[in-house]
Amino acid sequence: MNSTPSRIPTLPRLVTEWNDSGDGQVRCTLRGSGPAYRTLFRVTLRLYDTAARAVRGFEAITPGRVSVYVCGATVQGVPHIGHLRSAVCFDILVRWLEASGYQVTYCRNVTDIDDKILRAADAAGTPWWALAERNLRAFTRSYDAVGCRPPDVEPRATGHIPEMIALMGRLIDGGHAYPAGGDVYFDVRTASDYGVLSGQRLADIRPADDTDRPGYKRDPRDFALWKGAKPAEPSWESPWGSGRPGWHLECSAMSTKYLGPVFDIHGGGLDLLFPHHENERAQSLAAGDGFARYWLHNGLLEMAEQKMSKSLGNVLLVTEILTKVRPQELRYYLGQAHYRSGLEYSEEALDEAAAAYQRIERFVTRAVRALGGAPSAAPAATLVPGTAPPGETPALDLPISFTAAMDDDLGVPAALAAVHAAVRDGNYALTTGDTESIGGCLAQVRSMLAVLGLDPLNPVWESGDSGDRLYAVVDALAGLALRQREAARARGDYASADSIRDTLANIGVTVEDTPEGPRWELRR
Ligand SMILES: [Zn+2]
């Protein structure tokens, strides 16, 4: 009998330091927190699966790889912060999977043909495709602004009509769909467990209101896969007459095309659970595809206890909110709650989140300065999951309290508690001048924030080349003012010195007198 050599990971390469911090928490500094680390510590990611209504241990279909499909925007308008919350929640999921050593394929679709788009284009007097294109650009800008890792593919419905027609053909051949009056409908009574995902019995499900020709349906709950062409509306040819796809069909067709007939994780907002996700699942299972293994839903952003959506008219546009806070503060606000909980919008909560993030930033700034200006951790690029060269695990330095929180159904509130604990330790180290501890805390804080997409030193938060140039100019001007203040003090003219300091304060420049001379900082 041949014996297979056991593949035990080498300990010294993985664990560099165990550290009893004295507060009841034992910290471990790990290098290369990839699959080997997870095997060694028997760590399992657990995720709440809506279909199971339970937290389940995550097992990838293919070891080391994860496929993720997230329902993206219907681009009938510009994004509001409810859209961004969903994007940030799933961005954190993808970053955590990548930080855990998985190679992630992330697909997020764009619905660029839909009743709502046609209505909005009509109202604006714009071609529907131009309206969709313009709004899609606004979505991309917003995702980029808050540092979301772009999906690996962002397929559009209009680019996948042949795939949708092929899927409809399979459903009709299998007796699960039928053409009627130029439309094609899915026959919900042929799906053995229709309603299971959203937890409804078939008898309790309301009629689908997705057509103005309901008379053609065999059952009022049947939903449209294909809508027969109407005058002045866009349409495509199909074996059942020209028309355009219903909303649900695209996600089944596109997830199969890019991720295969069965994939790991399907995500989306809780508002998509029914009918959209129920119908996606019914179509794909009826066609014989395994479809999603885990269903994740993010809670909604609410205002005055109502879901934030365009139809309710309580929209808070991303462009508008970014005049109140910086993008990284908005991201902190949107990501800080557990992804499954609802988030009720208030300006006070937004301000509190911004202040909490600024506390972290202040530590990072002071720590970098104390260490002589060079960040002690790995270069920013390697700290950002998804940006490391292929095959290289990002060099993250994560305390166990953080990894345990993230593995527990992405427990960001507890993970942020670990960030703030490290910031407190780091601030203490700054008061004692303990350089080694400052460096250790800085590396941990930056690593944890990188996983959450919030590393303050990530170049994504810089406002481009002009930002660097402006900083240089402001630095020179502030330096000039500070030299004049020093000169005034030297000649005993304290009134002028104070006046310069007050003037700087009024324009948002805080001056700190240090043993090495005065330093300036922009007030946040
Ligand atoms: Zn979808």
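Residues numbered from 1 in each chain as written. Predicted model: local features only at pLDDT ≥ 70, side-chain atom pairs only at ≥ 80, totals over all residues. Heavy atoms only, no water.

## Section: the overall build of the protein
- Looking only at helices and strands, one finds 17 helices and 17 strands in the protein.
- A buried classification covers 50% of the 524 residues belonging to the protein.
- A sequence separation of at least 24 residues applies to 72% of the contacts in the protein between residues at least 6 apart.
- When the accessible surface of the protein is split by element, carbon and sulfur atoms take 52% of a total near 24,000 Å². (Helix = DSSP H or I, 4+ residues; strand = E, 2+ residues; numbered from the N terminus. Buried < 20%, exposed > 50% of the residue type's maximum accessible area, 1.4 Å probe, protein only. Contact = heavy atoms within 4.5 Å. Areas by Shrake-Rupley, 256 points an atom, 1.4 Å probe, with all protein chains shown as cover.)

## Side note on the nonpolar core
- Phe-58, Leu-97, Ile-265, Leu-330, Phe-402 and Met-406 are the most contacted members of the largest nonpolar core, which totals 112 residues.
- At twelve residues, helix H3 (residues 81-99) tops the list of elements feeding residues into this core.
- Apart from the residues lying within four places of it in its own chain, the contact partners of Leu-97 are Leu-45, Phe-58, Val-66, Val-68, Tyr-102, Val-104 and Ile-265.
- By size, the runner-up hydrophobic cluster in this structure holds 14 residues, among which are Val-153, Leu-259, Phe-291 and Ala-292. (Core = buried A, V, L, I, M, F, W, Y, C linked by side-chain atoms within 4.5 Å.)

## As for the sheet that holds strand E8 (residues 183-186)
- The antiparallel open sheet is built from four strands, whose spatial order is E7-E8-E9-E10. With partners counted over all chains shown, the strands left at the sheet margins are strand E7 (177-180) and strand E10 (243-245), one partner each. For this sheet, the mean inter-axis angle between neighbouring strands, taken without regard to orientation, is 20°.
- Bridge count between E8 and strand E9 (residues 223-228): three bridges; the pairing is antiparallel. When the bridges of E9 are listed, Tyr-185 appears paired with Ala-224. (Pairing = 2+ DSSP bridges. Axes fitted to C-alpha atoms, helices over the stretch in contact; angles between N-to-C directions.)

## Re the coordination of the zinc ion
- Coordination of the zinc ion by the protein involves Cys-71 (SG), Cys-251 (SG), His-276 (NE2) and Glu-280 (OE), with metal-donor separations of 2.1 to 2.2 Å.
- Taken together, the four donor atoms coordinating the zinc ion span angles of 79 to 128° at the metal, a pattern that classifies the geometry as irregular.
- As a motif over one chain, the donors of the zinc ion read C-x179-C-x24-H-x3-E. Residue Cys-71 is found in the loop between strand E5 (65-70) and H3, and its partner His-276 is found in helix H8 (residues 273-286); the two are separated by 205 residues along the sequence. (Donors = N, O, S within 2.8 Å, 3.2 Å for Na, K, Ca; no water. Tetrahedral: all angles 85-135°; square planar, octahedral: opposite > 155°, others 65-115°.)

## Some remarks on the pattern of salt bridges
- In the structure shown here, the tally under the stated rule is 34 salt bridges.
- When salt bridges with common partners are traced through the structure, they connect Asp-187, Arg-189, Arg-218, Asp-219 and Arg-221 into a single cluster. (Salt bridge = Lys/Arg side-chain N within 4 Å of Asp/Glu carboxyl O.)

## Concerning the sheet that holds strand E11 (residues 262-269)
- Spatial strand order, E6-E5-E11-E12: four strands in an open sheet with parallel pairing. Sheet topology places strand E6 (103-108) and strand E12 (291-298) at the edges, where each strand pairs with a single neighbour. Across the sheet, the mean angle separating the axes of adjacent strands is 25° when strand polarity is ignored.
- Summarising the sheet, E5 and E6 pair through six bridges and their orientation is parallel. Directly across from Arg-65, in E6, lies its bridge partner Gln-103.
- Sitting on the sheet, helix H7 (residues 249-259) touches E5, E6, E11 and E12, and the angle it makes with E5 is about 160°.

## Section: the pairing of strand E4 (residues 54-57)
- Where strand E3 (residues 46-49) lies against E4, four bridges are found, and the strand directions are antiparallel. Residue Tyr-48 lies in a different strand from E4, and its bridge partner there is Val-55.
- Between E3 and E4, which pair antiparallel in sequence order, lie four residues; one of them, Arg-53, sits at a positive phi of approximately 55°.

## Quick word on unusual backbone geometry
- Cis rather than trans, the peptide bond between Phe-274 and Pro-275 has omega equal to 0°.
- Positionally, Pro-275 belongs in helix H8.
- At Ala-232, a position not held by glycine, the phi torsion is positive, near 65°.
- Mapping Ala-232 onto the fold places it in the loop between E9 and E10.
- By relative accessible area, which is 86% here, Ala-232 ends up exposed.
- In this structure, Asp-409 takes a positive phi of about 55° despite not being glycine.
- Here Asp-409 lies in the loop between helix H13 (400-407) and helix H14 (412-432).

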